[in-house]
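Residue-level structural notes
Letter by letter, the chains look like this.
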Amino acid sequence: MGRTISSATPRNHELGPARARSGSDRKQRPVTSPEAALAHLLAAARPVVEIERAPILAALARVLAETQYSSIQVPPSDNSAMDGYVVAAEDIPPDSETRLPVVQRIPAGHSGERLRRGTAARIFTGGPIPEGGDTVVMQERCRQEDGQVCIRGPVEAGEHVRRAGEDIAMGDRILQSRTRLRPQDLGLAASVGLAELPVFRKLRVAIFSTGNELLEPGRVLTDGAIYNSNRYALHASLVALGCEVLDLRIVEDRLEATRDALLNGAAGADLVITTGGVSVGEEDHVRIALQEVGELDFWRIAIKPGKPLAFGHIGSTPFLGLPGNPVAAFVTFCLFARPFILRLQGVEDVMPTPTQAPILSDYATRPSKRCEYVRARLERDKDGSAAIAIHSHQGSGVMSSTSWANGLALIPPDTIIERGTLVNFLSFAELL
Ligand code: AMP
Ligand code: MG
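Since the structure is predicted, the reported quantities are computational estimates derived from the model, not experimental observations. (Residues numbered from 1 in each chain as written. Chains lettered and ligands numbered in written order. Predicted model: local features only at pLDDT ≥ 70, side-chain atom pairs only at ≥ 80, totals over all residues. Heavy atoms only, no water.)

Comments concerning the overall build of the chain
As a reminder of what qualifies: Helix and strand definitions here come from DSSP, where helices need a minimum of 4 consecutive H or I residues and strands a minimum of 2 consecutive E residues; each element is numbered from the N-terminal end. Radius of gyration: C-alpha atoms only; globule rule: 2.2 Å multiplied by the number of residues to the exponent 0.38. Relative accessibility decides the category of a residue: with a 1.4 Å probe and only protein chains considered, values under 20% of the type maximum give buried, values over 50% give exposed, and everything between is partly exposed. Here, residues are in contact when the closest pair of their heavy atoms is within 4.5 Å. Only the protein chains shown count as covering a residue, and every accessible area follows the Shrake-Rupley method with a 1.4 Å probe. Within this scheme the basic residues Lys and Arg register as positive and the acidic residues Asp and Glu register as negative, but His and the chain ends are omitted. To locate a charge, the coordinates of NZ of Lys, CZ of Arg, CG of Asp or CD of Glu are taken.
Of regular secondary structure, the chain possesses 10 helices and 26 strands. Here the C-alpha atoms of the chain give a radius of gyration of 31 Å, more than 25% beyond the 22 Å that 2.2 N^0.38 yields for 432 residues. In terms of overall dimensions, the chain has a C-alpha envelope of 100 × 50 × 45 Å along the principal axes. Counting every position in the chain, which comprises 432 residues, the buried fraction comes to 49%. When contacts within the chain are restricted to residue pairs at least 6 apart in sequence, long-range pairs at least 24 apart make up 70% of them. Entry remark: accessible area of the chain is about 20400 Å², with carbon and sulfur atoms responsible for 51%. Across the chain, 47 positive and 51 negative side-chain charges occur, with their mean positions spaced 5 Å apart.

In structure tokens:
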């Protein structure tokens, strides 16, 4: 703690040699605002169209392809909300005690017989209300003696009865297409008797990590090497979003190798995502390889971390090139890849919902021209109200900040952040 905040994106992300090499990349590829980049991505997304029927449990986290309606009413019939006695309310005078013979026993799952006037039936939660009965008196208000129940009035007609169809009427819309199915949605589908749901087929995403310095975890670290962390964060993020992953592992920093991997990925998947190699250094081949085998739409975005983000196509397969720095890769995945992937999966509403909260303490960085997404934690302050703590080290390679954080706080361009400043916060729960 108490470290100064690193505000600059590392130098290998700045536009360097290739700018000189290719004239003025800065002019040809102006910095794109995050909003414009996202709008461009979403407009370019071609969602999957193939539909398959998934058994209800296998439909968890899949995207519903057709709106679902109920063919029954729920509950199917009037039933008791309590353990007690079912009576006709008219049989219970308001201000005296009434004794009624108990002539039936109706547990859940049994259907009772018609209740004769002047009688009561023992009933349990979920037991169907018999014809002739209209009210359940909870057992705590009753005494049973010698086959009779004593009930002190008044009772409210209809009380403790769950009405047929009060949850769902026949024909009600229960699940909206183009939404991701959650556990409660599966419960709802089951409650109307659906055993399968139509879902869009899974999206297949090819990934690879560029960098000669990368080594897989489990190996002994050699001089100059670092462990490949992006592969794991990216692969896991895709699994969390319900994608199938074609993992092409590490691709060395050579133009041909990069080109081959892009073509392989595009042939085997609906989307190709890479990390690293998207700047314009001599060791960065993704951009040029993409231009050779496909087309590049944009690649510089005014956000921090994560300026170099490549988007393009290899044939008809979309391509996203995330930055190499692990935090930048993770943040750009959350902000750009995620909504794009959701849209490809068929999801309608792809934007995360921010919450607003005040910053807990001053954030000592110079205001940036770029929108900053800082690793932060939404916490309770001393009074119990929500406030945002910002991680003290915001370098784009500091992966520990993302694990410490529970979301991203959004610092708009040219903004000075002081204690108490209200900012938008995107919880990781909204982003993964
Ligand atoms: P690049 O965008 O390829 O220039 O990479 C930027 C920085 O991120 C460099 O310091 C790389 O070593 C690092 N980096 C790139 N890819 C990975 C990866 N898969 N895992 C961990 N660090 C990476
Ligand atoms: Mg690299």
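Some words on the site of ligand 1
Formally: Residues are classed as near a molecule or strand on a simple rule: at least one heavy atom within 4 Å of it. Whenever a nitrogen or oxygen atom comes within 3.5 Å of another N or O atom, the pair is scored as a polar contact, on the condition that within protein one atom can donate a hydrogen and the other can accept it, and that pairs from neighbouring residues in sequence are kept only if both atoms are in side chains.
Neighbouring residues of ligand 1: 17 residues in total, closest E213, N228, S229, G277 and G324. E213 is positioned such that a nitrogen or oxygen atom in its side chain is 2.5 Å from an oxygen atom of ligand 1. Here an oxygen atom of ligand 1 sits 2.9 Å away from a polar atom, N or O, in the main chain of G277. Out of a free accessible area of 480 Å², ligand 1 has 85% covered by protein chains. Counting only elements with at least two residues in the shell around ligand 1, the list comes to strand 13 (204-210) and strand 15 (226-227).

Re the domain arrangement of the chain
Put simply, the test is: Each domain span listed reflects an automatic or database assignment of domains.
Along its sequence, the chain is organised into domain 1 (23-49 + 202-345), domain 2 (52-73 + 168-200), domain 3 (79-162) and domain 4 (355-431). Domain 2 and domain 3 are separated by 36 Å when their C-alpha centres are compared.

Concerning the packing of aromatic side chains
Operational definition: Think of it this way: a Phe, Tyr or Trp ring, Trp meaning its six-membered ring, pairs with another when their centres are within 6.5 Å, and the plane angle makes it stacked under 30 degrees, edge-to-face over 60, tilted otherwise.
Taken as a whole and assessed by the stated rule, the structure comprises 3 aromatic pairs. Their ring planes at 35 degrees and their centres at 5.7 Å tell us that F298 and F311 sit as a pair that is tilted. With F298 in strand 18 (residues 295-300) and F311 in strand 20 (residues 308-314), this residue pair connects regions lying 13 residues apart in the sequence. For F298, a relative accessible area of 6% corresponds to the buried category. Taken together, a centroid distance of 5.6 Å and an interplanar angle of 80 degrees make the contact between F311 and F340 edge-to-face. With F311 in strand 20 and F340 in helix 8 (residues 326-345), this pair connects stretches of sequence that are 29 residues apart.

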